[in-house]
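Single-letter residue listing:
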Amino acid sequence: MERKRVAGEVMKGMVVEVTGSTYMVITDGGKVFRCRTFPGTKTENDFSSLVAVGDRVVLKETETGTEFFEAVITLVERRRSALTRKRDLRRNRSKEKVQVIAANIDQLVVVVSAFDPPLSTRLIDRYLVFAESEQLKTVIVVNKMDLEESQETRELMEPYRILDYRILYTSAEEQSGMKALRKVLAGKLSALSGHSGVGKSTLINQIFGEELLRTGETNEKTGKGLHTTSSAIMLALPRGGYIIDTPGIREFNLSGITRENLRFYFKEFLPHMPECAYSSCTHTVEPECGIQKAVKSGHIDPERYESYLAIYESIDRDS
Ligand SMILES: Nc1nc2c(ncn2[C@@H]2O[C@H](COP(=O)(O)OP(=O)(O)OP(=O)(O)O)[C@@H](O)[C@H]2O)c(=O)[nH]1
Ligand SMILES: [Zn+2]
């Protein structure tokens, strides 16, 4: 029999959906609460969004005359990690310097397709720069393997295998590779990213089918759908773990990357940088450059180096 809860009870939970200033929180006991913040809400995170999807929070149940279980968030705990976006300062009236798209992510799952759209290693490199800059573990999923010569695709991916990035080959169409993907996602908080049309939605549907639960979608007190337009939502996986699927992550940008810090996000560059003659070496045109030497001697993949140059060129000189 379910224990009767009383208003004022303090619980801990995780934010699974953000809609305007309403937050759906699933408590550690598995109940879904509709929550709000109040002027007394405390945070252990400075200068950023007060509450984001993925946040661990302390909540206090409130007396409710409505059909929902309701609570106020009294504390937002320190984030282990945060996927952020710089605020557009011209349009920003709040004091937040960065907007948190999702908190406490364990891994970034980058979905690309082997064909239609064709596999682009330039694009993979941009995702990896982003992931490295956020210190996120990355899994690369190469989908639509039914459409392309498998050997050729694996050869294109070889540099990433050598760099120890986790790579999964899937076909959502033929349902291959699903077991490995399920295993990688189980028990973790994963952010899904990838260009339009690579098969993200199809993969999610194939793996979880009707078991897939949009966590914030129904309120258990009424069983009714909420039908809201949320800015961020987590999908609860049947075997534990969540997928965050938000436009902010799908269309991530490299706004935090500068010409100066880019070099640190190509992880194979790091051991060769001490060999550069100039400490400020940009690894583009300088003589006596450890990176250029490593490319020539085959220790750094030339395509990866080309990506570095392309991203370097695309970054504003003064950013
Ligand atoms: N041949 C083949 N087609 C696939 C596969 N996975 C997805 N597709 C098809 O690719 C198209 C795009 O798939 P979606 O799942 O909508 O792609 P998405 O990444 O969610 O796209 P957005 O919602 O625009 O971001 C659909 O027509 C799918 O049926 C696959 O493994 N093989
Ligand atoms: Zn150099």
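Conventions adopted
- Residues numbered from 1 in each chain as written.
- Chains lettered and ligands numbered in written order.
- Predicted model: local features only at pLDDT ≥ 70, side-chain atom pairs only at ≥ 80, totals over all residues.
- Heavy atoms only, no water.
- Phe/Tyr/Trp six-rings, centres within 6.5 Å; stacked < 30°, edge-to-face > 60°.
- Helix = DSSP H or I, 4+ residues; strand = E, 2+ residues; numbered from the N terminus.
- Buried < 20%, exposed > 50% of the residue type's maximum accessible area, 1.4 Å probe, protein only.
- Lys NZ or Arg CZ within 6 Å of the ring centre and 35° of its normal.
- Donors = N, O, S within 2.8 Å, 3.2 Å for Na, K, Ca; no water.

Quick notes on the packing of aromatic side chains
Here is step 1 of the chain: Here the structure, examined in full by the defined rule, presents six aromatic pairs.
Here is step 2 of the chain: Their ring planes at 25 degrees and their centres at 5.1 Å tell us that Phe266 and Phe269 sit as a pair that is stacked.
Here is step 3 of the chain: Between Tyr308 and Tyr312 the ring centres are 5.9 Å apart and the planes differ by 40 degrees, which places this aromatic pair in the tilted class. Of this pair, Tyr308 and Tyr312 both sit in helix 7 (residues 302–314), four residues apart, roughly one helical turn.
Here is step 4 of the chain: The exposure class assigned to Tyr308 is buried, which follows from its relative accessible area of 0%.
Here is step 5 of the chain: Since its relative accessible area comes to 8%, Tyr312 is described here as buried.
Here is step 6 of the chain: Of the aromatic side chains, those joined through ring pairs into one cluster are Phe266, Phe269, Tyr305, Tyr308 and Tyr312.
Here is step 7 of the chain: Across the ring face of Tyr169, the terminal group of Arg154 is positioned such that the distance to the ring centre comes to 4.0 Å.
Here is step 8 of the chain: Residue placement shows Lys267 over the ring face of Tyr165; its charged tip is 4.1 Å from the ring centre.

Some thoughts on the coordination of the zinc ion (ligand 2)
Here is step 1 of the chain: Protein coordination at the zinc ion (ligand 2): the donors are Cys276 (SG), Cys281 (SG), His283 (ND1) and Cys289 (SG), at 2.1 to 2.4 Å from the metal.
Here is step 2 of the chain: If you list the donors of the zinc ion (ligand 2) from N- to C-terminus, the spacing comes out as C-x4-C-x1-H-x5-C.
Here is step 3 of the chain: The exposure class assigned to His283 is buried, which follows from its relative accessible area of 1%.

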